[in-house]
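Inside the fold
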Amino acid sequence: MVSPPPTYLANDGQKGRLASLDGLRFVAALMVVLFHFVATGRDAWGEAPDALFPVLHLIASYGWLGVELFFVISGFVICMSAWGRSLGEFFVSRASRLYPAYWLAVIVTTVALRLFESPEPVPTIRAALLNLTMLQDAVRAPRVDSVYWTLWIELCFYLLFALVVWRGVTYRRVVTFCLLWTVASVFALYADNPVVNLFLNPRYSSYFIGGVAIYLMTRFGQNLLLWGIVGVSLLRAQYDITEQITAMGGFAGRELSWPVVAALITAFFLLVAAIGLGWLPTVRWRWLTFAGALTYPLYLTHKLGLMPIVAWRDSVDPWLLLGAVTAGTLVVAWLVHRFVERPLMPLLRRLLKKSFADLRAAAGAGSAAAAAAGAGPGGAASAPVRTSPADPNPGRTAAAAGPGTGERPVVTVSGRPAVARTMPDQGWPPRDRAQRPAAAGADRRRDL
């Protein structure tokens, strides 16, 4: 039987999400917003941002690391939310969460870039339509908004973790997943294969793996193996990010410090661990959950704020304009959440569930029709059954072979009997691999 998560994890926040993690996600989104508005906004402001915001520019220059914090939190949350779900349920959950706000963001951004002046390139209609699939990086098509690059990284993580969900999420399988992805990522860096790198994402896998391992400690307790996975992930992350430090420093127009970056990445891992393991006081402030709900639409739409900066930079005080634009992006994020995500997410979820139900019904009807056609004019009772060449009574009919005997009739399309070997009928495999029946008296180790 799947053991329940700790009480503070199961009851805190909406649908099991921790309010503290929601607040941390919101901080990560604000870091990215400041990075684009202040650190790399030279084209938007018309002059060097470090001259307009000397101290804030230094802080904002490290805001790009908010994405790495997102990835650690994502590893934790996705592992938590996937537990006990079937593959279809996992797909429905992720698709309904990602696409409604994203579709609106693609459409609004495409229209806005064609109507207003912006430092961002104007996408073609063909590229914008492809962006609606979220597969633009996979086919090397231009992105409507440069921030969409992280969405493909997330999709690949979902795709890889779906293999675990398909088999049934257990402690052992998730640990194996973390170990295999770590090893594969290390070798992928040397394989220099673009297809392998596209799906394994060796530069960012360490953040997801670390988050997943932290959740396992939250659910099952700490041990050396899990801390070892977290430690290896952290050390990989601080090493692999060296090239990115140089690139982001070029965008920000200043030299960035590796010790500062390494310290921030370490803090990200420790903060998520502290929240998950209960080292920090449990926080249930409702506004944190609300702030967490704004995180995704804020991330998708915040670069629209560069347009009013371009329009009013010569007539409004820079600090006042920065504050007004940042507040405006929060309002837009709330509008997207309130009028797009809240109504469309449940609707898309219902439609997808119905689609999967129709698919299962069609498959069941097809199987029943095939069985009926194969029974022949004499009916099911007229089809002799053999379970092995050594069957002592090969003349038994299909009516005599049933769940109680452990035998299943096998017939051909023509209705003639076929020789087959079957396993004892234990209802295997169950429809939902993640919810296999537990033996009486099974304890927490069943989930291992």
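A brief look at the structure comes next. (Residues numbered from 1 in each chain as written. Predicted model: local features only at pLDDT ≥ 70, side-chain atom pairs only at ≥ 80, totals over all residues. Heavy atoms only, no water.)

Some remarks on unusual backbone geometry
For Met134, which is not a glycine, the phi torsion comes out positive at approximately 70 degrees. Inspection of the secondary structure puts Met134 in the loop between α8 (125-131) and α9 (149-167). Backbone geometry places Arg140, a non-glycine residue, at a positive phi of 60 degrees. Note on placement: Arg140 falls in the loop between α8 and α9. (Helix = DSSP H or I, 4+ residues; strand = E, 2+ residues; numbered from the N terminus.)

Re the environment of Lys303
Looking at where Lys303 falls in the secondary structure, it is placed in the loop between α16 (286-301) and α17 (306-312). Along the chain, Lys303 and Val147 lie 156 residues apart, while their C-alpha atoms are 8.5 Å from each other.

What to know about the packing of aromatic side chains
Counted by the stated rule, this structure contains 28 aromatic pairs. Ring centres 4.9 Å apart and planes at 65 degrees place the aromatic pair Tyr171 and Phe220 in the edge-to-face group. Placement of Tyr171 in helix α10 (residues 171-191) and of Phe220 in helix α12 (residues 205-220) is noted, with a sequence separation of 49 residues between them. With respect to class, Tyr171 is no different from Phe220; both count as buried. An aromatic cluster is defined as three or more aromatic residues linked by ring pairs; in this entry it consists of Phe71, Phe90, Trp149, Phe157, Tyr158, Phe161, Phe177, Trp181, Tyr204 and Phe208. Here the basic side chain of Arg94 rests over the ring of Tyr158, its NZ or CZ set 5.5 Å away from the ring centre. (Phe/Tyr/Trp six-rings, centres within 6.5 Å; stacked < 30°, edge-to-face > 60°. Buried < 20%, exposed > 50% of the residue type's maximum accessible area, 1.4 Å probe, protein only. Lys NZ or Arg CZ within 6 Å of the ring centre and 35° of its normal.)

Some words on the packing of helix α6 (residues 66-82) against α12
At a closest axis distance of 7 Å, the pairing of α6 and α12 adopts a crossing angle of 45 degrees. Here α6 is positioned oblique relative to α12, judged by the angle of their axes. Pair α6 / α12 crosses with right-handed handedness. Across from Glu68, Phe71, Val72, Ser74, Gly75, Phe76, Cys79 and Met80 in α6, the residues of α12 making contact are Tyr207, Phe208, Gly211, Val212, Ile214, Tyr215, Leu216 and Thr218. (Axes fitted to C-alpha atoms, helices over the stretch in contact; angles between N-to-C directions. Parallel < 35°, antiparallel > 145°, perpendicular 65-115°, else oblique. Left-handed = near helix turned anticlockwise from the far one by under 90°. Contact = heavy atoms within 4.5 Å.)

Things to note about the nonpolar core
Side chains of nonpolar character tend, in soluble globular proteins, to be buried together. Ranked by size, the top nonpolar core spans 115 residues in total, and within it Phe161 and Val174 carry the most contacts. Excluding anything up to four places from it in sequence, Val174 contacts Cys79, Trp83, Phe161, Val164, Val169, Val212 and Leu216. (Core = buried A, V, L, I, M, F, W, Y, C linked by side-chain atoms within 4.5 Å.)

Describing the packing of helix α7 (residues 87-115) against α9
Two elements in contact, α7 and α9, have axes whose closest approach is 10 Å; the angle formed by their N-to-C orientations is 165 degrees. For the element pair α7 / α9, the angle class is roughly antiparallel. Handedness of the crossing formed by α7 with α9: right-handed. On the side of α7, the interface is formed by Leu87, Phe90, Arg94, Leu98 and Tyr102, while α9 contributes Leu151, Leu155, Tyr158, Phe161, Ala162, Val165 and Trp166.

Some thoughts on the environment of Leu24
Residue placement: Leu24 occurs in helix α2 (residues 19-39). According to the relative accessible area criterion, Leu24 is buried, its value standing at 11%. The sequence separation of Leu24 and Thr295 amounts to 271 residues, and the corresponding C-alpha distance is 9.8 Å. When neighbours within four sequence positions are excluded, Leu24 is seen to be in contact with Leu69, Ile73, Leu271, Val272 and Ile275.

Re the side chain of Gln136
Among the structural elements, Gln136 can be located in the loop between α8 and α9. Take Gln136: its relative accessible area is 1%, and that puts it in the buried class. Setting aside its immediate chain neighbours within four residues, Gln136 contacts Tyr102, Leu130, Asn131, Ala141, Pro142, Arg143 and Tyr148.

Section: helix α13 (residues 224-240)
Over its 17 residues, α13 runs 24 Å from end to end, which matches the ideal 24 Å to within 8%, given 1.5 Å per residue. Considering only its buried residues, α13 is in contact with α10, α12, α14 (242-252) and α15 (258-276). The N-terminus of α13 is capped by Asn223, whose side-chain oxygen sits 3.1 Å from the backbone nitrogen of Leu225. (Expected span 1.5 Å × (residues − 1). Polar contact = N/O pair within 3.5 Å; in protein donor to acceptor, adjacent residues only side chain to side chain.)

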